[in-house]
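A closer look at the structure
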Amino acid sequence: MSTPPTEEHGRDGFCERLQRGNDAWASAYRRPEVNGSAKAVVLTCMDSRIPPLEMLGLAPGEAFIIRNAGNSVTDDALRSLIVCLTAMECRKVLVVGHTCCGMRCPGDLDRRVSEAVDVEGLSAGLGRSIEDLGDWLGFHHVPEWEWAERQADRLRDLLPRILPGLPVRVFTALYDLDSGRVRFAQPSQKRNMRA
Ligand SMILES: [Zn+2]
């Protein structure tokens with residue numbers, strides 16, 4: 001048995017607030033019967049305004065969610081995706097971009113990051129040299145819809161080479177923060193991965 005570390009625990013009420021939230025959640029909780037029943041993966045942004053399952057009418061246990069800054073196909077996103085597509089037998093991937101993404105046209109966000117980050121320290125920590133921090137972070141100036149399409153296209157290119165023969169389909173959508181609507185791209189034959 002362990003006791004929460006009191007020095008860090010809720011000095012500003014943070015943990016207490018979350019504990020109350022969790023109490024309410026747990027009081028109505030039912031453990032999902034399976035992990036990933038929809039055999040689908042959603043790659044979306046870490047933006048806190050996005051509720052990936054709820055906005056798609058899904059419940060915990062139905063789809064796997066991979067999130068990062070800018071719904072980007074990073075090494076780690078790919079790592080999780082490969083596990084979903086192999087061990088968890090997923091066959092559908094949905095890349096969901098969103099309006100007003102902070103990774104696009106970041107204003108001074110990228111400057112604030114670059115001022116804080118020691119690129120040498122980062123390179124040493126990663127064990128490889130980071131030449132362009134902005135590029136590594138994934139800041140961009142591409143419309144969100146196009147960015148999501150690019151990530152999906154990258155997966156359509158990469159996955160058949162990484163997982164030859166696996167019949168995976170990759171879809172793209174954009175979440176509108178104003179309306180809550182998710183708009184799907186029309187999947188074309190050309191874009192679908194070959195089995
Ligand atoms: Zn975003």
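You'll find the structure just up there.
This one's a predicted model, so the numbers in the text were calculated from it and none came from an experiment.

Points about the overall build of the protein chain
- Counting secondary structure elements, the protein chain contains seven helices and five strands.
- For the protein chain, the α and β elements follow one another from N to C terminus as α-β-α-β-α-β-α-α-α-α-β-β.
- For the protein chain, the proportion of its 195 residues judged to be buried stands at 22%.
- Considering only intrachain contacts with a sequence separation of at least 6, the fraction spanning at least 24 residues in the protein chain is 69%.

Side note on the sheet that holds strand β3 (residues 92-98)
- Spatially, β2-β1-β3-β4-β5 is the arrangement adopted by the five strands of the open sheet, whose pairing is mixed. The sheet terminates laterally at β2 (63-68) and β5 (182-184), the two strands that pair on one side only. In this sheet, neighbouring strand axes are inclined to one another by 25° on average, regardless of whether the strands run parallel or antiparallel.
- Where β3 lies against strand β4 (residues 169-175), seven bridges are found, and the strand directions are parallel. Each residue of the ladder has a partner; that of glycine 97, found in β4, is leucine 174.

Some thoughts on helix α3 (residues 75-86)
- Taking 1.5 Å per residue as the helical rise, α3 with its 12 residues ought to reach 16 Å, and the 16 Å between its terminal C-alpha atoms agrees with that figure.
- For α3, the complete set of buried residues consists of Leu81, Cys84 and Leu85. For α3, the angular spread of buried residues about the axis comes to 90°, placing them on one side. Looking at α3, the residues exposed on the side facing more than 90 degrees away from the buried face are Asp75, Asp76, Arg79 and Thr86.

Notes on the environment of glutamate 62
- Mapped onto the fold, glutamate 62 is located in the loop between α2 (52-55) and β2.
- Glutamate 62 sits in the partly exposed class, given 18 other C-beta atoms within 10 Å.
- Sequence-wise, glutamate 62 and asparagine 35 are 27 residues apart; in three dimensions their C-alpha atoms are separated by 6.7 Å.
- When residues no more than four places from it in sequence are discounted, the contact partners of glutamate 62 are Ser37 and Ala38.

Digging into the pairing of strand β1 (residues 40-45)
- Of all six residues that make up β1, six are buried, and the element is covered over most of its length.
- Pairing analysis gives five bridges linking β1 to β3, with the strands arranged parallel. The residue of β3 that forms the bridge with valine 41 is valine 93.

Brief notes about the pairing of β4
- The buried fraction of β4 amounts to five of the seven residues, a majority that puts the element mostly inside the structure.
- As defined by bridge partners, β4 adjoins β5 across three bridges and the pair is classed as antiparallel. Across the sheet, residue leucine 174 finds its bridge partner in β5, namely arginine 183.
- In sequence, β4 turns back onto β5 through a hairpin of six residues, with glycine 180 there showing a positive phi of about 80°.

What counts, and where the lines are drawn
Residues numbered from 1 in each chain as written. Predicted model: local features only at pLDDT ≥ 70, side-chain atom pairs only at ≥ 80, totals over all residues. Helix = DSSP H or I, 4+ residues; strand = E, 2+ residues; numbered from the N terminus. Buried ≥ 20, exposed ≤ 12 C-beta atoms within 10 Å, placed from the backbone. Contact = placed C-beta atoms within 7 Å. Pairing = 2+ DSSP bridges. Axes fitted to C-alpha atoms, helices over the stretch in contact; angles between N-to-C directions. Expected span 1.5 Å × (residues − 1). Arc of directions from axis to C-beta.

The analysis is restricted to geometry; functional conclusions fall outside its scope.
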